[in-house]
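Results of the structural survey
Residue strings, one per chain:
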Amino acid sequence: MFRSPLVALLILTAAPTLAADSAAKNCAVTSGIVDDAVALRAKGSAQADTIAALTAGDLDARFVPAIQPLVDWVYTLPSDQLTGEAAAAFKAACLQQAG
């Protein structure tokens, strides 16, 4: 099982920056960050390189502060959890937390 308390903490950390948008959009964008981070980690990208790559992308500036904590979380996952299920679990937890 994914580390739900850490996911909740990450969501709460990013929430003030992202509060203006709807919960569904926030969760979709942040789960996309998780998905990209998982893919980069699975390909062997170093954590700092993953953060740099995602930060340099075309992501809305409001979501940039969420990149580092989300990547940090992805790099704590066991390698057997580096699948699309990580982003799906994150999105479900995000939506649940948002109410």
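Residues numbered from 1 in each chain as written. Predicted model: local features only at pLDDT ≥ 70, side-chain atom pairs only at ≥ 80, totals over all residues. Heavy atoms only, no water.

Comments concerning the environment of Leu82
By the secondary structure assignment, Leu82 is in the loop between helix H4 (64-74) and helix H5 (84-98). Each C-alpha atom of the pair Leu82 and Ala39 lies 7.5 Å from the other, and the pair is 43 residues apart in sequence. Apart from residues lying up to four places away in sequence, Leu82 is in contact with Val38, Arg41, Ala42, Val74 and Leu77. (Helix = DSSP H or I, 4+ residues; strand = E, 2+ residues; numbered from the N terminus. Contact = heavy atoms within 4.5 Å.)

Observations concerning the state of the cysteines
Tallied over the entire structure, the rule returns one disulfide. Bridging Cys27 to Cys94, the disulfide has an S-S length of 2.0 Å. On the S-S bond that ties Cys27 to Cys94, the torsion sits near -80 degrees, and the link is left-handed. Taken together, the positions of Cys27 in helix H2 (residues 23-42) and Cys94 in helix H5 put the pair 67 residues apart, joining distant regions of the chain. Cys94 matches Cys27 in its accessibility class, with the two residues each being buried. (Disulfide = S-S within 2.5 Å. Buried < 20%, exposed > 50% of the residue type's maximum accessible area, 1.4 Å probe, protein only.)

With respect to the packing of H2 against helix H3 (residues 47-55)
Direction vectors running N to C along H2 and H3 enclose 135 degrees, while the axes themselves pass 10 Å from each other. By the criterion of interaxial angle, the relationship of H2 to H3 is oblique. Relative to H3, the crossing made by H2 is right-handed. Listed contacts from H3 to Ile33, Asp36, Ala37, Leu40 and Arg41 of H2 are Thr50, Ala53 and Leu54. Of the residues that constitute the contact of H2 with H3, the class distribution is five nonpolar, one polar and two charged. (Axes fitted to C-alpha atoms, helices over the stretch in contact; angles between N-to-C directions. Parallel < 35°, antiparallel > 145°, perpendicular 65-115°, else oblique. Left-handed = near helix turned anticlockwise from the far one by under 90°. Nonpolar A, V, L, I, M, F, W, Y, C, P; charged D, E, K, R; others polar.)

Quick notes on the pattern of salt bridges
For the structure shown, the criterion picks out one salt bridge. For Asp60, the salt bridge identified is with Arg62, shortest N-O distance 2.6 Å. Asp60 gets classed as partly exposed once you look at its relative accessible area, which sits at 32%. (Salt bridge = Lys/Arg side-chain N within 4 Å of Asp/Glu carboxyl O.)

None of this, on its own, says anything about what the molecule does.
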